[in-house]
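# Reading the structure
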Amino acid sequence: MIDSRISHFRITGELGQGGMGVVYRAVDENLGREVALKVLRPDFIDDEDRRQRFLMEARTAARLNHPNIATIHEVDKVDDQIFIAMELVEGKMLSNVIGDRPLTPSESIRMGIEITDGLARAHAEHIVHRDLKPENVIVTPDGHVKILDFGLA
């Protein structure tokens, strides 16, 4: 998939894989910005239940606008590919940050507050994450957190 295109997105690298899809680093050539592009796995394209769950993830997360939640920009289907274009969050998974060194008490409190602020916003929209874990939280280079992957919401 690297160096290929989906709609107006040029894929430049792979960021990771999950149960439902593969996440790529891509360039939105219409807006000239990098995004994370989550593409439904090809073996799920013919599975109506999986397609609907994938689309529900996009619609659910797109309702959220908060500094500690990754922003959904677009969801679309082109040919046989369904994808979600979202904010590209640079940084490290919280699990890697925790594994590298102990957090200071002030870091723990600040990150905990940011995570609960994001979750409170989701809860205000009647959305429960249901898969919150350190692998679904990114710590940005400036030390703030972003919650990702509302796939089970």
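The structure contained in this document is the topic of the report that follows. Here the structure is a predicted model, which is why all the values come from computation and not from measurement. (Residues numbered from 1 in each chain as written. Predicted model: local features only at pLDDT ≥ 70, side-chain atom pairs only at ≥ 80, totals over all residues. Heavy atoms only, no water.)

### Describing the nonpolar core
One recurring pattern in soluble globular proteins: nonpolar side chains tend to sit buried together. L40, I115 and F150 are the most contacted members of the largest nonpolar core, which totals 28 residues. Mapped onto this core, the elements with two or more residues apiece are β4 (33-40), α1 (48-62), β6 (81-87), α2 (94-100), α3 (105-124), β8 (137-139) and β9 (145-147). Leave out the neighbours within four places in its chain, and I115 touches L94, L132, V137, V145 and I147. Core analysis: the next-biggest nonpolar cluster, separate from the first, contains 11 residues, I11, V22, L37 and A85 among them. (Core = buried A, V, L, I, M, F, W, Y, C linked by side-chain atoms within 4.5 Å. Buried < 20%, exposed > 50% of the residue type's maximum accessible area, 1.4 Å probe, protein only. Helix = DSSP H or I, 4+ residues; strand = E, 2+ residues; numbered from the N terminus. Contact = heavy atoms within 4.5 Å.)

### Concerning the sheet that holds β6
Reading across from one edge, β1-β2-β3-β4-β6-β5 is the order of the six strands in this open sheet, with antiparallel pairing throughout. Two strands close off the open sheet at either side, each with one partner strand: β1 (5-6) and β5 (72-78). Lying over the sheet, α1 contacts β4, β5 and β6, oriented at roughly 20 degrees with respect to β6. (Pairing = 2+ DSSP bridges. Axes fitted to C-alpha atoms, helices over the stretch in contact; angles between N-to-C directions.)

### Some details on the environment of I2
On the secondary structure map, I2 appears in the segment before β1. When the C-alpha atoms of I2 and T12 are compared, they prove to be 5.4 Å apart, with 10 residues separating the residues in sequence. In this view, I2 contacts I11, T12, G13, E14 and Y24; residues no more than four positions away in its chain are not counted.

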